[in-house]
Amino acid sequence: MYPRPFHYHRAGSLKEAAKMLSELGDDARLLAGGQSLIPLMKLRFANPTHLIDLNFIAGTSFIREEDDRLHFGPLTRHVEIETSEVAGKIPILHDCAAGIADVQVRNRGTIGGSLAEADPSGDWATVLATLTTEVRCSAANDARRTVPLGEFIKDAYTTALAHDELIDEIVVRKPARNSGGAYIAFKRAAPVYPTAGVAVQLTLEGDICTHAAIALGCVGLTAIRATEAESALRSQPITRQSIAAACEAARAAADPQPDMRGSAEYKRALVGALTKRAIETAVLRAGGKPVEVSHLYA
Ligand SMILES: Cc1cc2nc3c(=O)[nH]c(=O)nc-3n(C[C@H](O)[C@H](O)[C@H](O)COP(=O)(O)OP(=O)(O)OC[C@H]3O[C@@H](n4cnc5c(N)ncnc54)[C@H](O)[C@@H]3O)c2cc1C
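Residues numbered from 1 in each chain as written. Predicted model: local features only at pLDDT ≥ 70, side-chain atom pairs only at ≥ 80, totals over all residues. Heavy atoms only, no water.

Help me understand unusual backbone geometry, please; the structure alone is not making it clear to me.
Glycine aside, residues mostly have negative phi, and peptide bonds are mostly found in the trans state. One non-glycine residue with positive phi stands out, namely Ala101, at about 45°. Since its relative accessible area comes to 13%, Ala101 is described here as buried. (Buried < 20%, exposed > 50% of the residue type's maximum accessible area, 1.4 Å probe, protein only.)

When you look at helix α10 (residues 240-253) in this model, what are you seeing that I'm missing?
Taking 1.5 Å per residue, 14 residues should reach 20 Å; α10 reaches 20 Å between its end C-alpha atoms and fits that length. Check the buried side of α10 and you find it contacts β13 (208-217), α9 (227-233) and α11 (264-286). (Helix = DSSP H or I, 4+ residues; strand = E, 2+ residues; numbered from the N terminus. Expected span 1.5 Å × (residues − 1). Contact = heavy atoms within 4.5 Å.)

Before we go on, may I ask you to explain a nonpolar patch on the surface in this structure?
A cluster of nonpolar side chains, namely Phe6, Tyr8 and Phe56, defines an oily patch on the protein surface of about 300 Å² accessible area. Following the sequence through the fold, Phe6 ends up in the segment before β1 (7-10). Under the relative-accessibility criterion, Phe6 is labelled partly exposed at 33%. (Patch = residues over 30% accessible without salt bridge, like charges linked within 9 Å, V, L, I, M, F, W, Y side chains within 5 Å. Areas by Shrake-Rupley, 256 points an atom, 1.4 Å probe, with all protein chains shown as cover. Salt bridge = Lys/Arg side-chain N within 4 Å of Asp/Glu carboxyl O.)

What should I look at first to understand the sheet that holds strand β7 (residues 144-148) in this one?
Strand pairing in a sheet is mediated by backbone hydrogen bonds. Such pairs are either parallel or antiparallel. With antiparallel pairing, five strands are arranged side by side in an open sheet as β4-β5-β10-β6-β7. Pairing within the sheet leaves two strands with one partner each, and these edge strands are β4 (63-66) and β7. The mean inter-strand angle of the sheet, taken between neighbouring strand axes irrespective of direction, is 25°. Note that β4 and strand β5 (residues 69-72) share four bridges and pair antiparallel. By the bridge assignment for β5, Glu66 is matched with Arg69. The sheet strands contacting helix α1 (residues 14-24) are β6 (133-139) and β10 (165-173), and the helix crosses β10 at an angle near 135°. (Pairing = 2+ DSSP bridges. Axes fitted to C-alpha atoms, helices over the stretch in contact; angles between N-to-C directions.)

Looking at this structure, I do not really get the pattern of salt bridges. What am I missing?
Pairing is possible between side chains that carry opposite charge, provided their charged atoms lie close to one another. Applying the stated criterion across every chain yields a total of 19 salt bridges. Measuring nitrogen to oxygen at the nearest pair gives 3.4 Å for the salt bridge that ties Lys15 to Asp142. Of this pair, Lys15 sits in helix α1 while Asp142 sits in the loop between β6 and β7, and the two are 127 residues apart along the sequence. The class of Lys15 is partly exposed, set by a relative accessible area of 48%. Ionic pairing is found between Glu65 and Lys174, a salt bridge with its closest N-O pair at 2.5 Å. Here Glu65 is found in strand β4, whereas its partner Lys174 is found in the loop between β10 and β11 (179-187), with 109 residues between them in sequence. Relative accessible area serves as the criterion here: at 32%, Glu65 is assigned to the partly exposed category. A cluster of three or more residues bridged by salt bridges with shared partners is formed by Glu248, Arg251, Glu265 and Arg268.

Help me understand the packing of α10 against α11 in this model?
Orientation of α10 relative to α11, taken along the N-to-C sense of each, is 145°, at an axis distance of 8 Å. Considering how the two elements wind past one another, α10 and α11 form a crossing that is right-handed. Residues Ile243, Ala246, Cys247, Ala250 and Arg251 of α10 form the contact with α11, whose participating residues are Glu265, Arg268, Ala269, Val271, Gly272, Thr275, Lys276, Ile279 and Glu280. Counted by class, the contact of α10 with α11 contains seven nonpolar, two polar and five charged residues. (Left-handed = near helix turned anticlockwise from the far one by under 90°. Nonpolar A, V, L, I, M, F, W, Y, C, P; charged D, E, K, R; others polar.)

Please clarify how the sheet that holds strand β3 (residues 50-53) should be interpreted in this entry.
Spatially, three strands are ordered β1-β3-β2 in an open sheet, and the strand pairing comes out parallel. The outermost strands of the open sheet, each flanked by one partner alone, are β1 and β2 (28-31). Across the sheet, the axes of successive neighbouring strands diverge by a mean angle of 25°, strand direction being ignored. Inspection of the sheet shows β2 paired to β3 by four bridges, in the parallel sense. Looking at β3, one finds that Arg29 is bridged to Leu51. Docked against the sheet, α1 engages β1, β2 and β3, running at close to 170° with respect to β3.

Here you go:
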């Protein structure tokens, strides 16, 4: 189906894009990679009157390392993160970028668009929830604010952005030494969203797990932090028993809906299995082993 007719605007800067949002009103939408918005427009689930294209703004796609943080431009494409040596310093970021859909989607889709979309099945929100992530937003009146990711995504398809605000940067703190993370999802095929996904980020001091962050994707209205599962690992050695307890707690934290991808019970079982694999990989990486992982396909 063709989208409904709309007015196309090409923004020359992020500031101009925010100004356009404020002047054009509620029926204006930003266009980044178009990998969520355009399909919705073709289905006529989204019918903006004005489309403000961000793609011709210089300097919006970057990955920079500054002190203990990585900075991502809002229009940084998934493929740029997948192939970036700098982003690869946090291996869970590579796991995420490399597993999103197929190469066509990764070539166009952006990290900023993914967070702004707040799709319950989107991978970035789940992965970035296990790291210290800030979303920097700016508005037409030059107001800038920094929102922790946990406060940025409010609900399914709902963020803290005001109508005339946009994401202008995403900042991720590098994990401490002796940290390791992994993101593993289960998918029916590459070009579809996962059925379930689990992100784990750990820090070890010797045998002891001093920090654990576990987030579950596609099994709730937003990414779910599995805090009981984290507690099952923290302040003790990682053993078969503590991993089993964490998996059980992650299963209990999941809140999946039955749909064409599977029943709620099936998705809970997947969460348990993915949590085990992600913890095992995170432990190996925390110990300095460069382990490759990829998503699991049906
Ligand atoms: C076939 C297919 C399979 C896919 N599979 C997956 C998958 O497995 N995992 C996954 O995570 N994603 C998947 N996606 C989605 C993909 O990752 C998108 O790139 C992403 O969700 C949206 O990014 P975008 O740049 O394309 O945003 P767009 O579609 O351009 O925009 C999405 C929304 O964000 C808003 N927006 C965009 N940029 C900004 C900004 N800087 N500030 C404020 N608002 C902004 C737009 O106005 C719009 O409302 C898939 C998409 C397709 C078509």
